[in-house]
Amino acid sequence: MNLLSVEGLSKSIGEKLLFENLNFGINQGQKVALIARNGTGKTTLLNILAGHDGADGGRIVLRQDIRVAYLPQEPHFSESITILDAIFESGDKKASLVKAYEKAIASENKEEIDRLTQQMEDASAWDYDARIREILGVLGFDRFMARVGELSGGQRKKLALAVVLLSEAELLILDEPTNHLDIPMTEWLEQYLSRQKVSLLMVSHDRYFIDRVCNEIFELEDGKLYRYKGNYSYYLEKKAEREEVETAALEKARSRYCTELEWIRRMPQARGTKQKARVQAFEQLEEKVKQYRPPDLPVFQAQPGRLGSKILELNYVCKSFNGKEYIRDFSYIFKRGEKIGLAGPNGSGKTTLLNLIMGLLKPDKGSIARGETIQFGYFRQDGLLPDIDKRVIEIVKEVAEEIKTTEGSISAAQFLNYFGFTYSSQYAWYSTLSGGEKRKLYLLITLMRNPNFLILDEPTNDLDIYTLQRLEEFLENYLGCVLVVSHDRFFLDKVIEHLFVLQGDGKIVDYPGNYSDYLQSHQVKEKRGTGDNPSNSPKNFKKERKPTTRLSYKEQKEMESLEADLEALEQEKAVLPERMAHAGADHEQLKMLGERFAEIERLIEEKMLRWLELAEKAGD
């Protein structure tokens, strides 16, 4: 059943064409991710679909009586209303009852509670109340009567998400729903949207989230819409195939264009019918050739300033605010070239630790010693360049005309182009950039200052997937130190080598490995009730295990075999979703692959438990 149809939709902003003649539909049960580069019209398209903006042409048809809920990138609420008021703006009977009941609870009005309890029973409103408590609780709200004016920008985005999830709409339109969510919240939202029978159109840069929630990808590129019937992994494969075909066709067109251009220059003004047809064909060919993009700058390695033997040392650092301990007795000596991630729930002290390192806060106890050669590059979560009346390339050249690399240097324009600011867009005025483009420019200026120690606080927020891939390449090849806070699990898995896990009580656990390594080990240990012990991971134990007499020779061999088996199983598990996507309508093949996937998960858990038993014995 079709819920939304878009026919011939077009939109320009000033002289810039965002998209033209878009045609697509959303059917019941479809969960679609919209992918595009910053500044190409993703948010504008969602605003048009939600009725918050107008199109230049085309039409949008919604099924009669359909309920649509929209999560904008920057939601707006009245400052004076409470969290409950925002949740219950719909005003239907259930919502009004639950709102009155929650207010009676907050005011401890026993008579009103008794009266409303019966009405809640009669209206079958208890399930709705339970959903409200679940969603608000997961998103970190415990004071339902707090005023919206007291909330931060991130909390307002989470409140708007709660409003959308509780709306019971049939079609959800979500613009960056995982922004401002910590990893546990994101994982909960994945599961929630996966099991809900709703249709979905969303913009997100979180690739794991897209992969696990969506069953179709729309890509907006060069004003056109491309469809991929599969998850993110399937999209990557098919996009590469499409681009290969298009590149071959463009190369062929360029070759023919050169031949036709020579004919056009030689021939007098066309008079015959055949000559005129050839001229018209040439003009069409010329339009096609204009789509050609020069090859991207190959991956390069920036050359930061030299780091001395002493880089950064934290010794028994403590920090509290208003009686709450955020960091307790944390010590660490940074080594050259380390890439470390910070993970933990919102409010656990990640940004506090970064500000302590930068000297913006002073520790209550302990000391922080910085090496003489250290040059920080600090990308702040809330930082943006001030609005200035200059072109992008002018702003960048004020920072650096060129960027040093291990093989020489590249120009500022090449650097911008590598990260998605095309040579033509570099002459755009700063004021005309989208929010994502402004944030990207701020990040690139941080990188261009040639620091040898990068501190990045949520660098992935509002960036498109193309830019994230470029940033990952840059950081993987970066020769300096990196300390990064991110809720993007794919990004953490790609970039970091080990993890500082802030547990919210002041304790910081240093865990070797990336986020997925940590999560898998943590989940297994939770089942066994062993708690966090960062030394208990196959990846770490394999690297650092020393010969021990506590394991018999047979057990040592078993442990080595388990490590090899786990690695092979994980590799097989990683490719199964792609094989399932290729199976299409072959139900027998899908069933076989699904059974194998379940079997692999069972084997991983079984072998991991045995490995942990041996690891604990080895460490006794």
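If you're wondering where the values come from, they're calculated on a predicted model, not measured in any experiment.

Undergrad: Which parts of the structure should I look at to understand the nonpolar core?
TA: Soluble globular proteins tend to pack their nonpolar side chains together in the buried interior. Judged by nonpolar contacts, the single largest core of 61 residues is most densely connected at L159, L165, L172, L193 and I210. Among the elements that make up this core, the one with the highest residue count is helix α6 (residues 153-165) (six residues). Contact partners of L159, with chain neighbours within four places excluded, come to F77, I83, A86, I87, F141, V148 and L151. Judged by nonpolar contacts, the second largest core, of 49 residues, contains F300, V392, I410 and L492.

Undergrad: Would you mind showing me how to read the sheet that holds strand β2 (residues 16-27) here?
TA: Backbone-to-backbone hydrogen bonds pair the strands of a sheet. The strands run either parallel or antiparallel. One open sheet accounts for three strands, arranged β2-β1-β4; its pairing is antiparallel. Looking at which strands have only one partner, the edges of the open sheet turn out to be β2 and β4 (57-62). The mean inter-strand angle of the sheet, taken between neighbouring strand axes irrespective of direction, is 10°. Taken together, the five bridges between strand β1 (residues 2-13) and β4 define a ladder with antiparallel strand orientation. Within β4, the position partnered with S5 by the bridge is V61. Its contacts with the sheet put helix α1 (residues 42-49) on β1, β2 and β4, and the angle it makes with β1 is roughly 130°.

Undergrad: Help me understand the side chain of E221 in this model?
TA: Looking at where E221 falls in the secondary structure, it is placed in strand β8 (residues 216-221). A polar atom in the side chain of E221 sits 3.0 Å from the side chain of R242.

Undergrad: Mind showing me how you'd approach unusual backbone geometry here?
TA: In terms of backbone geometry, most residues other than glycine have negative phi values and most peptide bonds are trans. In the Ramachandran plot, N322 falls in the positive-phi region, its phi being about 50° despite a non-glycine side chain. Inspection of the secondary structure puts N322 in the loop between β10 (312-321) and β11 (324-333). Positive phi values are uncommon outside glycine, yet N450 reaches one of about 60°.

Undergrad: Please explain the packing of α6 against helix α7 (residues 183-195) as it appears in this structure.
TA: Between two packed helices, both the angle of their axes relative to each other and the distance between the axes serve to describe the pair. In contact at an axis separation of 13 Å, α6 and α7 are set at 15° when each is read in the N-to-C sense. Comparing the axis directions of α6 and α7 gives the class roughly parallel. Seen along the crossing, α6 lies across α7 with a hand that is left-handed. Residues K158, L161 and L165 of α6 lie in contact with α7, whose contacting residues are M185, W188, L189, Y192 and L193. Here the residues of the contact of α6 with α7 sort into seven nonpolar, no polar and one charged.

Undergrad: For this particular structure, what's the right way to read α6?
TA: Residue pairs spaced three or four apart in an α-helix point in one direction, given the helix's 3.6 residues per turn. Under the 1.5 Å per step criterion, the end-to-end length of α6 is 19 Å for 13 residues, consistent within 8% with the ideal 18 Å. Buried within α6 we find G154, R156, K157, K158, L159, A160, L161, A162, V164 and L165. Residues of α6 that are buried in the fold lie against β5 (68-71), α2 (83-87), α5 (126-138), β6 (171-175) and α7.

Undergrad: Would you mind going over the confidence of the model for the chain with me for this structure?
TA: Detailed reading of the predicted coordinates is not advisable wherever pLDDT falls low. A residue-level look at the chain finds 84% of positions with pLDDT of 70 or above and a mean pLDDT of 83. The secondary-structure element of the chain with the lowest mean pLDDT is helix α18 (residues 538-544), recorded at 46, while β6 shows the highest, at 96. This model gives residues 539-549 a pLDDT under 50, and the stretch forms 20 contacts once residues within four places in sequence are excluded.

Undergrad: Quick question: what am I supposed to make of the packing of α5 against α7 here?
TA: Viewed as axis vectors pointing N to C, α5 and α7 meet at an angle of 145°, and their least axial separation amounts to 10 Å. Between α5 and α7, the contacting residues are R131, E134, I135 and V138 on the first element and M185, W188, Y192 and R195 on the second. Considering only residue class, the contact of α5 with α7 consists of five nonpolar, no polar and three charged.

Undergrad: Help me out: how do you make sense of the environment of G58 in this one?
TA: Topologically, G58 is positioned in strand β4. Judged by its relative accessible area of 52%, G58 falls in the exposed class. The spatial distance from the C-alpha of G58 to the C-alpha of L9 is 4.1 Å, given a sequence separation of 49 residues. Leaving out residues up to four positions away in the same chain, G58 has contacts with E7, G8 and L9.

Undergrad: Could you clarify how one ought to interpret the packing of aromatic side chains in this entry?
TA: Aromatic ring pairs are reported here in terms of the distance separating the ring centres and the angle at which the planes meet. This structure, assessed with the given rule, holds 20 aromatic pairs. Taken together, a centroid distance of 5.0 Å and an interplanar angle of 80° make the contact between Y332 and F334 edge-to-face. Grouped by ring-pair contacts, the aromatic residues F330, Y332, F334, F376, F453 and F500 constitute a single cluster. Lying across the ring of Y226, R242 places its NZ or CZ 3.8 Å from the centre.

Reading the values: the criteria
Residues numbered from 1 in each chain as written. Predicted model: local features only at pLDDT ≥ 70, side-chain atom pairs only at ≥ 80, totals over all residues. Heavy atoms only, no water. Core = buried A, V, L, I, M, F, W, Y, C linked by side-chain atoms within 4.5 Å. Buried < 20%, exposed > 50% of the residue type's maximum accessible area, 1.4 Å probe, protein only. Helix = DSSP H or I, 4+ residues; strand = E, 2+ residues; numbered from the N terminus. Contact = heavy atoms within 4.5 Å. Pairing = 2+ DSSP bridges. Axes fitted to C-alpha atoms, helices over the stretch in contact; angles between N-to-C directions. Polar contact = N/O pair within 3.5 Å; in protein donor to acceptor, adjacent residues only side chain to side chain. Parallel < 35°, antiparallel > 145°, perpendicular 65-115°, else oblique. Left-handed = near helix turned anticlockwise from the far one by under 90°. Nonpolar A, V, L, I, M, F, W, Y, C, P; charged D, E, K, R; others polar. Expected span 1.5 Å × (residues − 1). pLDDT = per-residue confidence, 0-100. Phe/Tyr/Trp six-rings, centres within 6.5 Å; stacked < 30°, edge-to-face > 60°. Lys NZ or Arg CZ within 6 Å of the ring centre and 35° of its normal.

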